[in-house]
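Coordinate analysis (summary)
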Amino acid sequence: MINETPRVRFAPSPTGYLHVGGLRTALYNYLFAKHNHGKFILRIEDTDRNRYVEGAIEKLIEALKWAGLEYDEGPDVGGDFGPYLQSKRLNIYKQHADELILEGNAYYCFCTSERLTALREEQEKLKLPQAKYDKHCLHLSEEEIKKSLSKNTPYVVRLNVKPNQKIVFNDIVRGTIEFDSNNIDDQILIKSDGYPTYHLANVVDDHLMKITHVIRGEEWLSSTPKHVLLYDAFSWEQPFFAHLPLLLNPDRSKLSKRQGDVAVEDYRDKGYLKEALVNFVALLGWNAGDDREFYYLNELVETFSLDRVNKAGAVFDTVKLNSLNAEHLRKKSNNEILGMLKDEIQKSQYKNQEYSDEFLLLIIEAMKERVSFVSEFVITCPYFYEAPKDYEQKAIEKNWKSETPNQLMKFINKLRDIDTPSKSDYELVLANIAEELGIGKGKLIHPLRLATSGQSTGPGIFDLLYILGKEEIIKRVNTAIEKIKV
RNA sequence: GGCGCGUUCGUCUAGCGGUUUAGGACACCGCCCUCUCAAGGCGGGGAUCACGGGUUCGAAUCCCGUACGCGCUACCA
């Protein structure tokens, strides 16, 4: 098996959205596959009809593709081992369950849910170490089984776990793990509605789809012995297992909706870059062993390896995500940001206004190092899109003196003489006026910034002026002189 | 309760028996740069490596125990 090309799968159940923990699992599968020139497969585990969600599969696929995790085989792209929807493989599971029954590794169980509950209650009363099915139906005679079957009595198929066995398997992340079969319940394999449970379906499919490495969340570690038992019962070779540490809430419980956003779509909609989310999530439980923290997907592919995956859970801390987002944003070309900024403007109050690409590109260049999100190219510097409505009070107090209006008028008047001032023209004019007045440049710069932007922070003043343009500056300075009273 | 897994700065982590006065990143604070804010550079505070025993000349690193956390314990995945 070790010489085969690796085949791994991401096998989510369609819940309606892609959980960031799921994204991390999918990513590690993808990285492992691509690094080793193997195949990455998407398989939908939709065997719970009670949890059917309309449109869930489409959403899942959309989120996966948004993140850039293209798969080689899957429900919408096909492949040689389909179908990739478990709900379309029912006959396969049935057939394999029959095989297990025939060889005594599984058995029909006709117990009612009432008996099961009673059993559990009784076991609880007796303070038994663990509640387990009592194998009642294992001892049914051939006749009894036939009779019940012909009467269409509802039944499930259970795994026949033999007592006093050591079940040992190797986990790539955690090493050798050992379980005692006495602690393992006779797991239901086929539910009474004819659908398989996860345990049967994932083993059968992983084998049939020639999956070499099962890379999944740690929540599956405890049920792996059941899977090992199934591989043995079918006389199939086991895949390699790698159980990934969980993603946690700030209070270290399993990452959940209650304590923040968990859907990839939520982060996308909040304006996080896919590069940043992928980069961030990759580092939650893995690192290359050096100090590097900035990666693009293809670079992760180059460096990823399963044996550098951590054992302990990791808190999903969005503060660090934010800084990574800013870093990825800064590394993008202005032209790439331009497209995103146009989308952002469409979502804003300025959607009906026209802005030239040239103008927006100037804003991007001026603001790029001052923002963490594309949306901030709008909300943090509204003065590029409209004249300030009011002026920051603290800045007025600090920088707007009684002589300020006259000084600014001088500046404006000088500007009028220049047709289309360049950036250095603004710089020159301002320097000249300052010198003329015998004041520091700051005495002009700060009021000018306040008058034109309404704020005390922003890009370099000459960038600001150049982007606004002469006419707009004059208008805004006049307005400010009228409106700002000291 | 049972079984399993885990435990290094607030958070993500490096470390795989001596190179460690435990390194980096984010966050925080200070300085430099500077027209502001950022970005960038430099520096600072912050981890008795969960705790207790061993093994060893020597342990964050190996072993055992305890505590704590998490996961599983469904006709859910």
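First, a word on what this report is: a plain description of the structure on this page. What you see is a predicted model, and the numbers here were worked out from it, not measured in a lab.

In terms of regular secondary structure, chain A is built from 20 helices and 11 strands. Relative to its length of 486 residues, chain A is extended, with a C-alpha radius of gyration of 32 Å against a globular reference of 23 Å. Taking the principal axes of its C-alpha atoms as reference, chain A extends roughly 110 × 50 × 35 Å. Sorting the 486 residues of chain A into buried and exposed places 48% on the buried side. The contacts in chain A between residues at least 6 apart in sequence include a share of 74% that link residues at least 24 apart.

Here we come to helix α19 (residues 461-468). The buried fraction of α19 is high, at six of eight residues. Listed as buried for α19 are I461, F462, L464, L465, I467 and L468. Buried residues along α19 sit against α13 (357-367), α16 (404-416), α17 (423-437), α18 (442-453) and α20 (470-483).

Inspection of the region around RNA strand B gives 59 residues, with K191, N287, E369, R370 and H446 positioned closest. Here a base nitrogen of RNA strand B sits 3.0 Å away from a polar atom, N or O, in the side chain of S222. Take R449: an N or O atom from its side chain is 2.9 Å from a base oxygen of RNA strand B. Listing elements by their share of the surface near RNA strand B, those giving two or more residues are β6 (175-180), β11 (314-315), α11 (318-331), α18 and α19. Residues of the surface near RNA strand B, tallied by class, amount to 21 nonpolar, 18 polar and 20 charged.

Bringing the nonpolar core into the picture now. Membership of the largest hydrophobic core comes to 104 residues, with the highest contact counts inside it found for F316, F384 and Y385. Apart from residues lying up to four places away in sequence, F316 is in contact with V20, L247, L248, L255, Y267, L277, F280, V281, L284 and L321. By size, the runner-up hydrophobic cluster in this structure holds 36 residues, among which are I145, V161, F169 and I211.

Mapped onto the fold, Y17 is located in the loop between β1 (7-10) and α1 (20-35). Take Y17: its relative accessible area is 22%, and that puts it in the partly exposed class. If we skip the residues at most four places from it in the chain, Y17 touches L60, K257, V262, A263 and E265.

Next up on the list: the environment of Y93. Note on placement: Y93 falls in helix α3 (residues 90-102). We classify Y93 as buried; its relative accessible area is 0%. Measuring from C-alpha to C-alpha, the distance between Y93 and H19 comes to 27 Å, with 74 residues separating the pair along the chain. When neighbours within four sequence positions are excluded, Y93 is seen to be in contact with Q86, I190, P196, L200, A201, V204 and D205.

With antiparallel pairing, the three strands of this open sheet are ordered in space as β3-β4-β7. The open sheet has two edge strands, β3 (106-109) and β7 (188-190), and neither has a second partner. Sheet twist, expressed as the average angle between the axes of neighbouring strands with direction ignored, equals 40 degrees. Note: strand β4 (residues 156-159) against β7, two bridges, orientation antiparallel. Note on β7: the bridge partner recorded for V157 is I190.

Cut-offs used in this document
Residues numbered from 1 in each chain as written. Chains lettered and ligands numbered in written order. Predicted model: local features only at pLDDT ≥ 70, side-chain atom pairs only at ≥ 80, totals over all residues. Heavy atoms only, no water. Helix = DSSP H or I, 4+ residues; strand = E, 2+ residues; numbered from the N terminus. Rg over C-alpha atoms; globule rule 2.2 N^0.38 Å. Buried < 20%, exposed > 50% of the residue type's maximum accessible area, 1.4 Å probe, protein only. Contact = heavy atoms within 4.5 Å. Near = heavy atom within 4 Å. Polar contact = N/O pair within 3.5 Å; in protein donor to acceptor, adjacent residues only side chain to side chain. Nonpolar A, V, L, I, M, F, W, Y, C, P; charged D, E, K, R; others polar. Core = buried A, V, L, I, M, F, W, Y, C linked by side-chain atoms within 4.5 Å. Pairing = 2+ DSSP bridges. Axes fitted to C-alpha atoms, helices over the stretch in contact; angles between N-to-C directions.

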